Amino acid sequence: MIFNDRIKNMQDDMVTSLQEIIRFKSVEGKKDGDMPFGKEVHDCLIYTLNLADKLGFKTKNVDNYAGYAEIGQGDDLIGILVHLDVVPEGDGWDYDPYGGEIADGKIFGRGTLDDKGPAIATLYAMKALLDEGVTLNKRVRIIFGLNEETGWAGINYYLEHEETPSLAFTPDAEFPACHGEKGITVFELKKDFKELLNDGGVEVLSITGGNAANMVPDYAEAKIIETYDIEPMINAYMKDKGGNLKLDRKDGVTTIQSTGISAHGSTPEVGENAISYLLDFVNNLDVKLGDSSSFIRGYERTIGLDYNGQRAGCGFEDEDSGKLTFNVGKIEMDKDSVKLLVNVRYPITTPLKVVEDGIKRTFKDIGMSYNLLDHMAPIYFPKDHELIVKLMKVYQEHTGDMSEPITMGGGTYARAMKNAVAFGGVFPGEPELAHQKNEYITIDNLVKQSQIYASALYELAK
Ligand SMILES: [Zn+2]
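Residues numbered from 1 in each chain as written. Predicted model: local features only at pLDDT ≥ 70, side-chain atom pairs only at ≥ 80, totals over all residues.

(A) Local environment of the overall build of the chain. In terms of regular secondary structure, the chain is built from eleven helices and 26 strands. Taken against the 2.2 N^0.38 rule, which gives 23 Å for 462 residues, the C-alpha radius of gyration of the chain at 25 Å falls within 12% of a compact globule. Taken along the three principal axes of its C-alpha coordinates, the chain extends 80 × 45 × 45 Å. The buried share of the chain, taken over its 462 residues, is 47%. For the chain, contacts bridging at least 24 residues in sequence account for 76% of all contacts bridging at least 6. (Helix = DSSP H or I, 4+ residues; strand = E, 2+ residues; numbered from the N terminus. Rg over C-alpha atoms; globule rule 2.2 N^0.38 Å. Buried ≥ 20, exposed ≤ 12 C-beta atoms within 10 Å, placed from the backbone. Contact = placed C-beta atoms within 7 Å.)

(B) The arrangement of the packing of helix α2 (residues 11–22) against helix α11 (residues 443–461) in detail. Packing of α2 against α11 leaves a shortest axis separation of 11 Å and a crossing angle of 110°. Classified by the angle their axes make, α2 and α11 are roughly perpendicular. Where α2 approaches α11, its residues Gln11, Met14, Val15 and Leu18 are matched on the opposing element by Ile443, Leu446, Val447 and Ser450. (Axes fitted to C-alpha atoms, helices over the stretch in contact; angles between N-to-C directions. Parallel < 35°, antiparallel > 145°, perpendicular 65-115°, else oblique.)

(C) Summary view of the domain arrangement of the chain. Partitioning the chain into structural domains gives domain 1 (4–181 + 379–461) and domain 2 (183–376). Taken together, the contacts link nine residues of domain 1 with ten residues of domain 2. Classifying every residue of the side of domain 1 that touches domain 2 gives two nonpolar, six polar and one charged. (Domains from an automatic or database assignment. Nonpolar A, V, L, I, M, F, W, Y, C, P; charged D, E, K, R; others polar.)

(D) Looking closely at the pairing of strand β24 (residues 420–423). By the alternation rule, side chains of β24 split into Ala420 and Ala422 and Val421 and Phe423, which are all buried. In terms of strand pairing, strand β7 (residues 167–170) meets β24 through three bridges, oriented parallel. Directly across from Thr170, in β24, lies its bridge partner Ala422. In this structure, strand β9 (residues 177–181) lies alongside β24, joined through two bridges in antiparallel fashion. Bridge pairing in β24 links Cys178 to Ala422. (Pairing = 2+ DSSP bridges.)

(E) Up close: the environment of Gly243. Note that Gly243 resides in the loop between α6 (231–241) and β14 (245–250). Taking the C-alpha atoms as reference points, Gly243 and Lys60, separated by 183 residues in sequence, lie 52 Å from one another. If we skip the residues at most four places from it in the chain, Gly243 touches Tyr237, Met238, Ser258, Tyr277 and Phe281.

(F) Up close: the sheet that holds strand β19 (residues 325–333). Strand order across the open sheet formed by eight strands is β14-β15-β13-β11-β19-β20-β10-β21, with antiparallel pairing between neighbours. In this open sheet, the two strands that pair with only one neighbour each are β14 and β21 (369–376). When the angles between neighbouring strand axes are averaged without regard to direction, this sheet yields 25°. The sheet contacts of helix α7 (residues 274–282) involve β11 (203–209), β13 (219–225), β14, β15 (253–259) and β19, and relative to β13 the element is tilted by about 25°.

(G) Inspection of the packing of α2 against helix α3 (residues 39–54) at higher detail. Taken N-terminus to C-terminus, the directions of α2 and α3 make an angle of 160°; their axes are 10 Å apart at the nearest point. By the angle between their directions, the pair α2 and α3 is classed as roughly antiparallel. α3 is crossed by α2, and the crossing has right-handed handedness. Taken together, the residues of α3 that come into contact with α2 (itself represented by Ser17, Glu20 and Ile21) are Cys44, Tyr47, Thr48 and Leu51. In terms of residue class, the contact of α2 with α3 is built from four nonpolar, two polar and one charged. (Left-handed = near helix turned anticlockwise from the far one by under 90°.)

(H) Summary view of the nonpolar core. Within the largest apolar cluster, 79 residues are counted, with the highest numbers of intra-cluster contacts made by Leu391, Val421 and Leu457. Top contributing element to this core by residue count: helix α4 (residues 116–132), with nine residues. Discounting chain neighbours no more than four positions away, the residues touching Val421 are Phe169, Ala177, Cys178, His179, Phe381, Leu387, Ile388 and Ala414. (Core = buried A, V, L, I, M, F, W, Y, C linked by C-beta atoms within 7 Å.)

Listed below in structure tokens is the structure:
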């Protein structure tokens, strides 16, 4: 832990750099001339390259698609994969999301955890190696990706045009080291409606909710025409099963509003799916028979309030990765059809085909077609892989935490190349605030991260 004091002494500089980089609203924008991800992302890259230059590293702008900064010498290359783009700030902040304000030992702002904080922590870790004057037999290169949140054009451009590190880590998840990431699929389930009987039941005009496959939706609503007063049923439902439902009646149309709790699509258990609660309630109503009612009944049978795919024919799990997760992120239903957008994260040892077959079979039974929109294969390293062993040793020495390497449902740059794993920067027990309001990093954790990364880089590059 020879770098600890040196990093502690750079704390003020590190904090200032993080505040400065937070002030770029580096959400991917439209291509602007030779700036493929827009001006704010570009300005953030230029700022970071200038900072690395000032710290004494060799830098390169890779045609505005990516950038890197390097120290050391040797044939072999150790990589750090970070990203400088952020997701939009969203609502409800108590601080300026692009202000870099400090309160109570915490630096607030979009990107403080994901991923600008870890990017600054690793840059200063490299600076500590340089200033300490240790001999490195390998080069260490930090690679700045520019559209991790929205597509991977930046990192892919880098990998096509520049040297690929032989070993790398990405500080874009949690500690300790992550030795596996689940497979990820995004797909659409669709059904066209033809039949509707005029049998005097409640008519469902539309059901809408959610924004994206990879988010647990926090709002959904159904517009219906009541043929009897459903208010007592809402109250009874919430008492019995939970959920947060409200009625709004206007011009003969009743809107059932369902409020859930938003969360990342990889952790549906942390949230409350507003769509599923809404459908679960509507299923109790005496709705007009036809294709739409058979969809509503079918949703109950195939999804309901379950988020592990048990009813959907894909309730798989394995020891290392745990249970499959099944997140309905969006629904669009009107008189003619219904579309669901779903994000499944499946266990490392389950083949994609097995997952897909189960889902297809289940939803075919309720007349829904399956259309795969996006797929990322799982990654896996045995716990005795060189990279995992070295990173775990460093983490344990610094923290005393002897827990095992982890797996997760999130997808990081570790999937972009061979021999890369996610390592930090959120510590166990700390809130995971990536993509949430009031995202922050404590100054203590920024320093602690940087100290761990310095030792890790030294272990990998000496
Ligand atoms: Zn990230």
